[in-house]
Structures are given as C-alpha cells and as structure tokens.
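Chain by chain, the residues run as shown.
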Amino acid sequence: MSHEIKEGSPATLGANWDGTGTNFALFSANASKVELCLFDSSGQRETDRIELPEYTDQIFHAYISDVPPGTFYGYRVHGSYEPQAGHRFNPNKLLLDPYARAHAGRLRWDASLFGYKMESGDDATFDDRDSAAFMPKCVVVDADFDWKGEPGRQFVPWRHTVLYETHVKGFTKRHPAVSENRRGTYAGLGTKEVIDYVKSLGVSSVELLPVHTFIDDSQLIEKGLANYWGYNTIGFFAPDPRYAADVPNSLREFKEMVARFHEAGLEVILDVVYNHTAEGNERGPTLSFKGIDNATYYRLMPDQQRYYINDTGTGNTVNLSNMAVIRMVTDSLRYWAQEMHIDGFRFDLGTILAREPHGFDEHSGFLKAVGQDPVLRSIKLIAEPWDCGPGGYQVGCFPPGWTEWNDKFRDTIRDFWRGQALPSALAPRLSGSGDLFNHEGRRAWASVNFVTAHDGFTLNDVVSYDSKHNDANGEGNKDGSSDNRSWNCGAEGPTDDDVINELRCRQIRNMLATLLFAQGTPMLLAGDEFGRTQGGNNNAYCQDSDISWLDWTIEGKGQDLIQFTKKVVGLRRQYPILRRTRFLTGAYNEELAVKDVSWIKANGQELNDDDWRDTNLKCFGMLMDGRAQPTGIHTRGRDDTLLLILNSYHDVVTFTLPKAPAGSGWSLLLDTNAPELPKSDFAFDAAYEVTGRSLLLLALNAQS
C-alpha cells in the first residue's frame, strides 16, 4: 500500500492519529535509523516498512497518511551492536513502541527474540533471525472517548482514604454475578454487583495490581505457571489486553471500568512498575527499550557497560537519571491521570525512582519533576520505599506530598498480637508513626498502614500458618520470605478444633480493628474481609489459579467477618479522632490544658517510664482526647474522646476504665471477643474483663 509520508512532528511521542493520518515519533539518542513496520489485520504479515525521515532533538518522526486506528505496528532500529559500549541495536528484532497506547497478541518465547545467539549463551554475539512472528504488536488507537458526564478524577482527602488492594483478574474470575465471558476482565471488575460490594465495605479507593502490558517469564511458562501479579512491564502506556473481554477495544473497556468506579464515588489507583522492564539483564530478550537505546534507558555498570546495574533484583534498572527517561515516565503518569482518569499511583520499588548514581536522593531529578508538575502533584502518590540496592530501605524519607507503605506497622501489629512485641513498640504505630514521618510538615496520613498485601500471607493465613507453603510455585519452597511474623494459634493450616478456630477469628478481628483504628492511611487486602486463604502460599506471584483467585463461596464465618469489617470501617468514618491529620504525640498543650493521647495501664492510671520497660506488660489503653487541637489553629477540638484497649495476653485482664475530662462514663462501641455485643454504658472506674487476645473501643459519654 502506498502512503503519503510527511515530516511530521517530534512534539508528541508515540503514534498519534488526527482523523486523517498518524504521526509517529520515537526517541533514540544513539540510533542511526528507524524503520516503522506496518502489519495486516492478523498482526502476522508485514505489509509496509517505512523509514522515519526526520530526526529532531533525538526524536525520529514522520506523518503517514491513511494509517487509521486499529493498525498494527512496530519498529526496527538500526545502530551499532557493541555490548561493551552499552549498545545493542539489532534491526532484525521487531520492537514495541514505548509510547504505544494499546497492544495486541501475546509474546511467544523463541530464540529469535534475543539480540544475540541465545543458544551460545554469549551476549556479545549477533543474531540475525527475525523476531516479528513471535512479538505482540502495537496498535494505533482512537483516543476519543465519551465519558458521558463521568465526574472525572475523584479527590478523596487523604484523611478519609481507605485503600483496598486487589487484582483485576483475581477479583472476578470466580464471581457469580459476573458473566462467564467477562470474568477476570476490566469489564468484569466494572460490573455493578462487584462495585456495589466494594462500595458497601466503606472503602474509598481501589488499588489495582499492575495493568500495564507485561510479559510472562519463559521459565514460568515452562512450569505451566504465569507472572500473575504483573510486575514485568513492557509497555507503560497500554492496559494489558489479557484483561480485556473485547481485546480490540481494550482501551475503551478500561475507561468504561474507571467510569463505573467513579460513578460510585470510588477512586482507582494503579500499582505501577517504572523501576525495571521485562527485558532482563544482558542475556534477556530484545523487545523494546534494549533495542531502541539500551545505553539511555538502563543503568549500566560504569566500567563494564555490557552489564546492567541490578538494584531491582530483576536483572535491569530503568535509568531515571536521564531526562528522556524521566520524560517517558512522567508522560506515562500524566496520560493515565488525564486521559484515563486514574486518581493515583502506587510505585513498586519506589526508591529506584529517586536513585541517582550516588544512591537514594530525596531531591532526585524524578522527584523534582513530579513535585513541580501541576497534574502529578495533585494526585495520590504512594511509594513502596525500598529496593534491594545499597541503601535501598528508605521508609519515611520521601519528600512532602508523598505517602509510603509502612512495613514497620505491618511487622509490629503482627508481632504484638502473637505476643512478640511490647506496647512500647506498638504505640508509635497507633499514633501515625511520627518517629518516621513527622518532619517537613508531613501529615499522619503519609503512613500507609497495612497488615497484609498481595506479597505475603493473607490475613487468614497469618493466623493459620507458622511457615510458608509455596510448593506449588515449583521452587522447592525456597521462594518467598521466611520472616512472616505469623502464628498458627496451635495447628498448622485448617483444623476442626473449635477453640483454635475461634481464636483465629478473634485474631483476624484484632488486626483488622487495629489497622482501621490507627492513625494513618489504612490499606485492606481484598478477601481479608471474609477470610480468604492461599493455603499458606506467601509468594503467589506465579499463581494464575484458584490459589490467587478470590473464592466467592462465602460461608457463615466469612459473612460475619464482612459485617465486622464494615463495622470497623464505619467507626473510623464516624469518629474523626481516629483519622487526625496531625500526629498524636502525647505532649501536654498548656494553653489548652489538653494532652492529645494518654497511655493507660490496666489499673486505670497513666503508664510511666518504668511501665513502658516492663516486659510483662501485655494489656494497655490508648486514650485519644477529642478536645486536642485538630489543626494548626490554637483551639480545642470538638471530636469525641475514644479509649482503645488492646490485650495481647493469653488470659483475661481486669481493666479499670479511667476517668476522662468533660465526660460522665464510657460507652462500649466494639469488643472483638463479642463483636455483636450491643452498645452499653460503663461508669468511670468500672472494671471491664478484657478477654485474652482481644481489643475494645469505647467512646466517652458527654456530661449532661
């Protein structure tokens, strides 16, 4: 087919259709020539190969007439093949456009995908086999979409945010309300019954595991497994077509899903992987970035540029010290925020984004770029603040405006409820982890608190297994962490022992309540609200199976737990003292004659320094005074005063309910030993029998 070719523009990267033709633009600082390859509707036969004629500011570009939406394409990039100098150009390899808005087809592993002769094991060799037949293809898209009055991005204030982490496929693959052809898809997740259920829990924001186009590792496929979690990205602008019920319209289907969540007032947050790509190390395949400009896109060893810096543990590290790469990542983020209406992002191995050649830097180029961007600085930014590189653990070190996953919260809560952490360790976590985040004007919501996440045990398994059981992963149970801080309550795995099962249920309730009643931003793992199990597998990244898919056959105990979850989320929403933006410090405000938080021992008196050091202390209270100053304005608050009592001791503790100013007694709101117990009143100094391993929440009755 003959096309009219014009110079086009370098201004917007990717393939951009204007109603008549398509402008193609591809960055490469080191290539000598770029060829655009067009394919037929099957994606298998190459119909045209067009050299991009213009090169402006390191961008190859052309405008080509009569290239409509739905056209399949890819690139072949010419240049030197000098691995020792960091260059791995090989025009025999069809390459994906880093800015492609959609993909079609699946990668089929073959030796031709490698830039070198893979059979030799020597990446300095050159392979001349054509890889096009085995590659997915990029798709030219029509970006136009009628949002039909959809309210656009949601703006749930951080203090009202409750995150709900889930997986597009796993959440609906077995859902009875979702039609068979939509299960496991964007359309399935956007089903009314699914969204109604999520909304009913009281959460504000759905956080989805990666949806950017990703690759299944060859070694997993050989084992009959898959990269289920999706942390193996190859396209930062396209929703993965495997989650589309209607693959040719995957982009539209994704937008429809987002619109349905927004109509329900729920945010959609994406887990994104900008720290590495699916191309692996020097022996990995050539799929996109490696063949477009390896020396720009990846961090290479300074003295041996044949090799990659591997701060991610995945073989390569994206080079976010380069401005072109920063542009790509920020362009991607803005695209998802503006065009796809996404409300925020959780950054996998987030320290990589702030890593410069000298190490983690709060003032890195990427963080500066995001911090000054009027779009990005206005959305939710959540960092996973660690990687496996030197100095990679940086919890509490991200700049103002960011929130961070707080693994110290997870570990301490698990340890406390299994009797391995003292109140002195738990108190800072309940107070918003000010020891980590209270600087530079950061707020208590900067701590994203969680007890479980996709990576690790489910909450049911935290209380059911002492050890991981990952045999199904095919790695001899050597994968996954052995530091689970879990306790099986007396039996490994499922049991018919009623005493153990009741204790497990109470422990689940204890940890859910601790999570929702602590200062900070809580995150729930989908399925924990009804006791989902993975059979003790704490590393189900490769399990696209019943192990990972949520089982919606929910029996009595699971239904009871759902109601409990709704109750504790509702209490958090009802009582603002549980979600203060200011850290609770325990400092006495002389001007207002108020202490924001007091720590109470079982005799009703405040804990002193010796008490905090008492290794036998297992039961204590947290008295949050609603009169404490809620903002920077020096005035008393008008919130309800609450008393949280936590008992990790194995037996009953008699707790004397303390006196509190401006009150006449206490009303019991929650007892995890008897979650259905109706609200009841208690006088000051009343003795409450706190069941072993249980939690209470009480509200101060106002003076009449």
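Quick look at the structure, then.

Definitions and limits used
- Residues numbered from 1 in each chain as written.
- Predicted model: local features only at pLDDT ≥ 70, side-chain atom pairs only at ≥ 80, totals over all residues.
- Heavy atoms only, no water.
- Helix = DSSP H or I, 4+ residues; strand = E, 2+ residues; numbered from the N terminus.
- Buried < 20%, exposed > 50% of the residue type's maximum accessible area, 1.4 Å probe, protein only.
- Contact = heavy atoms within 4.5 Å.
- Axes fitted to C-alpha atoms, helices over the stretch in contact; angles between N-to-C directions.
- Parallel < 35°, antiparallel > 145°, perpendicular 65-115°, else oblique.
- Left-handed = near helix turned anticlockwise from the far one by under 90°.
- Nonpolar A, V, L, I, M, F, W, Y, C, P; charged D, E, K, R; others polar.
- 1 Å grid on protein atoms, 1.4 Å probe; cavity = no way out; pocket = protein on both sides within 12 Å on 5 of 7 lines; lining within 4 Å.
- Points joined across faces, edges and corners; volume = space filled by probe spheres on them.
- Phe/Tyr/Trp six-rings, centres within 6.5 Å; stacked < 30°, edge-to-face > 60°.
- Pairing = 2+ DSSP bridges.
- Disulfide = S-S within 2.5 Å.
- Salt bridge = Lys/Arg side-chain N within 4 Å of Asp/Glu carboxyl O.

Some remarks on the environment of Val211
Right, so step 1: Inspection of the secondary structure assignment puts Val211 in the loop between strand 14 (205–208) and strand 15 (212–214).
Right, so step 2: Note on Val211: relative accessible area 1%, which makes it buried.
Right, so step 3: For Val211 and Asp240, which are 29 residues apart along the polypeptide, the C-alpha to C-alpha distance reads 5.6 Å.
Right, so step 4: Beyond its immediate stretch of four places on either side in the chain, Val211 contacts Val168, Tyr186, Ala238, Pro239, Asp240, Phe254 and Leu270.

Considerations on the packing of helix 13 (residues 498–517) against helix 14 (residues 556–574)
Right, so step 1: The N-to-C vectors of helix 13 and helix 14 enclose an angle of 20°; their axes lie 9 Å apart at closest approach. Taken together, helix 13 and helix 14 sit at an angle that is classed as roughly parallel. Taken as a pair, helix 13 and helix 14 cross one another with a handedness that is right-handed. Across from Asn501, Cys505, Ile508, Arg509, Leu512, Ala513, Leu516 and Phe517 in helix 13, the residues of helix 14 making contact are Lys557, Leu561, Phe564, Thr565, Val568, Val569, Leu571 and Arg572.
Right, so step 2: Split by residue class, the contact of helix 13 with helix 14 holds eleven nonpolar, two polar and three charged.

A closer look at empty space enclosed by the protein
Right, so step 1: Under the criterion given, the structure shown has four cavities of 30 Å³ or more.
Right, so step 2: By volume, the largest cavity is sized at about 160 Å³.
Right, so step 3: Lining of the largest cavity is provided by 16 residues; of these, His167, His454, Leu525, Arg532 and Gln534 occupy positions nearest its centre.
Right, so step 4: Each residue belonging to the lining of the largest cavity can be placed in one class, and the counts come to eight nonpolar, six polar and two charged.
Right, so step 5: Its volume calculated, the second largest cavity comes out at about 60 Å³.
Right, so step 6: The wall of the second largest cavity is formed by Arg414, Trp417, Arg418, Val462, Val463, Arg485, Ser486, Trp487, Gln507 and Met511.
Right, so step 7: Taken together, the elements giving at least two residues each to the lining of the second largest cavity come down to helix 9 (407–417) and helix 13.
Right, so step 8: When its residues are assigned to classes, the lining of the second largest cavity shows five nonpolar, two polar and three charged.

Structural notes on the packing of aromatic side chains
Right, so step 1: Applying the stated rule across the entire model yields 41 aromatic pairs.
Right, so step 2: Residues Phe254 and Trp336 carry aromatic rings whose centres are separated by 5.3 Å and whose planes lie at 80° to one another, so their mutual orientation is edge-to-face. In this pair, Phe254 sits in helix 5 (residues 250–263) while Trp336 sits in helix 7 (residues 323–338), placing the two residues 82 residues apart along the sequence. Trp336 carries the same exposure label as Phe254, and that label is buried.
Right, so step 3: For the pair Phe457 and Tyr465, a centre-to-centre distance of 6.3 Å together with 35° between the ring planes defines the contact as tilted.

Quick look at the pairing of strand 7 (residues 59–65)
The side chains of a regular strand alternate between both faces of the sheet.
Right, so step 1: Taken across its seven residues, strand 7 has seven buried, putting it largely inside the fold.
Right, so step 2: Alternating residues of strand 7 divide into Ile59, His61, Tyr63 and Ser65 and Phe60, Ala62 and Ile64, and every residue in both groups is buried.
Right, so step 3: When strand 1 (residues 5–6) meets strand 7, the two strands line up antiparallel, connected through two bridges. Across the sheet, residue Ile5 finds its bridge partner in strand 7, namely Ile64.
Right, so step 4: Inspection of the sheet shows strand 3 (residues 21–27) paired to strand 7 by seven bridges, in the antiparallel sense. Across the sheet, the residue bridging to Gly21 is Ser65, located in strand 7.
Right, so step 5: Note that strand 6 (residues 54–56) and strand 7 share three bridges and pair antiparallel. Its bridge partner lying in strand 7, Glu54 is registered against His61.
Right, so step 6: The hairpin formed by strand 6 and strand 7 contains two residues between the paired strands, and Asp57 there has a positive phi angle of roughly 50°.

Digging into the state of the cysteines
Right, so step 1: Applying the stated criterion across every chain, the model contains zero disulfides.
Right, so step 2: Sulfur of Cys388: no disulfide; nearest cysteine sulfur belongs to Cys397 and is 18 Å away.

With respect to the pattern of salt bridges
Right, so step 1: The full count for this structure, using the stated rule, is 45 salt bridges.
Right, so step 2: Its salt-bridge partner being Arg129, residue Glu119 comes within 3.0 Å of it at the nearest N-O pair. Taken together, the positions of Glu119 in the loop between strand 11 (103–104) and strand 12 (137–139) and Arg129 in the loop between strand 11 and strand 12 put the pair ten residues apart, joining distant regions of the chain.
Right, so step 3: Classification of Glu119 as exposed rests on a relative accessible area of 53%.
Right, so step 4: The partly exposed category is assigned to Arg129, whose relative accessible area is 32%.

Some details on the sheet that holds strand 31 (residues 663–671)
Right, so step 1: Reading across the sheet, the six strands line up as 27-28-29-34-31-32 and stay open at both edges, with antiparallel pairing between neighbours. On the outer flanks of this sheet lie strand 27 (597–600) and strand 32 (680–682), each paired with one strand and no other. Across the sheet, the axes of successive neighbouring strands diverge by a mean angle of 25°, strand direction being ignored.
Right, so step 2: Of the strand pairs in this sheet, strand 31 and strand 34 (residues 694–702) are connected by seven bridges, and their pairing is antiparallel. The partner of Gly665 across the bridge, within strand 34, is Asn701.
Right, so step 3: The strands touched by helix 9 are strand 28 (619–624), strand 29 (642–647) and strand 34; relative to strand 29, the strand with the most contacts, the crossing angle is about 65°.
Right, so step 4: Each of strand 27, strand 28 and strand 29 is contacted by helix 10 (residues 423–430), which is oriented at about 25° to strand 28, the strand it contacts most.

A few points about the layout of surface pockets
Right, so step 1: Here the second largest pocket is characterised by a volume of approximately 900 Å³.
Right, so step 2: Around the second largest pocket sit 30 residues that line it, and Asn460, Phe530, Gly531, Lys557 and Gly558 are the ones nearest its centre.
Right, so step 3: Looking at the lining of the second largest pocket, the elements that each hand over two or more residues are helix 12 (459–462), helix 13 and helix 14.
Right, so step 4: Each residue belonging to the lining of the second largest pocket can be placed in one class, and the counts come to ten nonpolar, eight polar and twelve charged.

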